[in-house]
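Summary of the model geometry
The chain contents come next:
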Amino acid sequence: MSGKLPVVAIDGPVGSGKTTVARLAAKKLGYVLVDTGAIYRSVALKARQADVDWNDADRLGELAANLDIRFEEGRDKQKVFLDGVEVTDAIREPEISQGASEVSAHAPVRDALLDTQRDLGLSGGVVMEGRDIGTVVFPEAQVKAFVGASIEIRVQRRFEELKSKGKQVSLEDTLREVRLRDQRDEQRALAPLKPAEDAVLIDTGPLSAEEVADRVVALVSDFIEKETQIKHENHKS
Ligand code: DC
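Model, not experiment: these values are computed from the prediction. Every chain is numbered on its own, with residues counted from 1 as its sequence reads. In view of the model being predicted, local features appear only for residues whose pLDDT reaches at least 70, and side-chain atom pairs are presented and counted only at 80 or more, with totals across whole chains, interfaces and linings using the full set of residues. Remark: hydrogens and water are excluded; side-chain values derive from all non-hydrogen atoms of the structure.

1. Structural notes on the site of the ligand
If a single non-hydrogen atom of a residue is within 4 Å of a molecule or strand, that residue counts as near it. The immediate surroundings of the ligand are formed by 17 residues, with Arg41, Arg110, Arg131, Asp132 and Arg181 found nearest. Two N or O atoms count as a polar contact when they lie within 3.5 Å, although within protein this holds only if one can serve as hydrogen donor and the other as acceptor, and sequence-adjacent residues are included solely when both atoms are side-chain atoms. One nitrogen or oxygen atom from the side chain of threonine 36 is found 3.1 Å from a nitrogen atom belonging to the ligand. The contact in question runs from an oxygen atom of the ligand to an N or O atom on the side chain of arginine 131, over 2.8 Å. Every accessible area reported is derived by Shrake-Rupley at a probe size of 1.4 Å, with residue values counting cover from the shown protein chains alone. Protein chains bury 98% of the 450 Å² of accessible surface belonging to the ligand in isolation. To qualify as a helix, a DSSP run of H or I must reach at least 4 residues; to qualify as a strand, a run of E must reach at least 2; elements of each kind are numbered from the N terminus. At the level of elements, helix H2 (36–49), helix H4 (94–103) and helix H8 (171–187) are the ones that each hand at least two residues to the shell around the ligand.

2. Thoughts on the pairing of strand S6 (residues 126–130)
Burial classes: relative accessible area under 20% of the type maximum marks a residue as buried, over 50% as exposed, and values in between as partly exposed (1.4 Å probe, protein chains only). With five of its five residues buried, S6 lies for the most part within the structure. Neither face of S6 is open: one carries Val126, Met128 and Gly130, the other Val127 and Glu129, and all of them are buried. For two strands to pair, DSSP has to find at least two bridges joining them. The pairing of strand S1 (residues 7–11) with S6 spans five bridges and is classified as parallel. Note on S6: the bridge partner recorded for aspartate 11 is glycine 130.

3. Quick word on unusual backbone geometry
Phi at aspartate 51 takes a positive value of approximately 60°, unusual for a residue other than glycine. Take aspartate 51: it is sitting in the loop between H2 and helix H3 (57–65). One non-glycine residue with positive phi stands out, namely alanine 191, at about 40°. Owing to a relative accessible area of 16%, alanine 191 belongs among the buried residues under this scheme.

4. Side note on the sheet that holds strand S4 (residues 78–82)
In space, the three strands of this open sheet follow the order S3-S4-S5, with antiparallel pairing throughout. Two strands in the sheet have a free side with no partner beyond their single neighbour: strand S3 (69–73) and strand S5 (85–86). Contact criterion: two residues are considered in contact whenever any of their non-hydrogen atoms come within 4.5 Å of each other. Every axis in this analysis is a line fitted to C-alpha atoms, fitted for helices over the stretch in contact. Angles between the N-to-C directions lie between 0 and 180 degrees. Along the sheet face, H2 touches S3 and S4 and points at about 35° away from the line of S4.

5. Examining the pattern of salt bridges
Any carboxyl oxygen of Asp or Glu that lies within 4 Å of a side-chain nitrogen of Lys or Arg is treated as forming a salt bridge with it. With the rule as written, the count across this model stands at 20 salt bridges. Linking aspartate 35 and arginine 92 is a salt bridge whose minimum nitrogen-to-oxygen distance equals 2.8 Å. Of this pair, aspartate 35 sits in strand S2 (residues 32–35) while arginine 92 is found in the loop between S5 and H4, placing the two residues 57 residues apart along the sequence. Looking at aspartate 35, the relative accessible area reads 8%, which means it is buried. We note a salt bridge from aspartate 83 to lysine 46, for which the minimum N-O separation is 2.6 Å. Placement of aspartate 83 in the loop between S4 and S5 and of lysine 46 in helix H2 is noted, with a sequence separation of 37 residues between them.

6. Side note on helix H1 (residues 18–29)
Expected span, for any helix, means 1.5 Å times one less than how many residues it has. If you check H1, its first and last C-alpha atoms are 16 Å apart, about what twelve residues at 1.5 Å a residue would give, namely 16 Å. Among the residues of H1, Lys18, Val21, Ala22, Arg23, Ala25 and Ala26 are the ones counted as buried. Positive phi shows up at glycine 30, right after H1, with a value of about 75°.

Shape is all these values report; function is a separate question.
Have a look at this one:
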């Protein structure tokens, strides 16, 4: 790394708190936030709008390769625009969540989005959250965290999230949704959800989002300190 700010990868399953943590950490660090789940969700929504089946790998790949997606910082969340239209809430609908999990299993989609994601993180100073950031998108990321929590806690979080948006869902439906997405995300052949070997595992169950974000910030500070020390020693010798 030559004076470039690090790439911070935060991966984890549904309800692990990674979106909140990534947002807080990016704010504390003054880094750009990239929510890669929003990109997969946008492919699922775009497919729905264009009447493309979530199993049609080739056409989904084309949609993914030509995706017109833009992020904009909002007051309490990041806004997402697809083809110039705000889709921040539309992509979080339970149906689109399942669709995102389905479309993300297809190779043409993952291939097309790899470059999109790498371009977004290329200049460093970025917190990128998803499922395979530390393993596939940025295996060379300088800081990697894998966040997780028990299924009970994750289902409860997802349930609260949906309820706060006025969705009429039961805890049982939410459990089914989370289990199905866990299964699909962990068992797919391509880039399955798993921690990178060099990721720091953080159980978000007993911690507040602030505390988890502080741990991520501490990992970044440790990394920068070590880098500075190495440079200093190289300079001396
Ligand atoms: O993080 P999320 O729940 O918004 O992600 C939605 C879906 O997108 C998730 O079920 C799997 C997929 N995804 C992926 O395969 N790879 C990523 N880096 C991010 C998300």
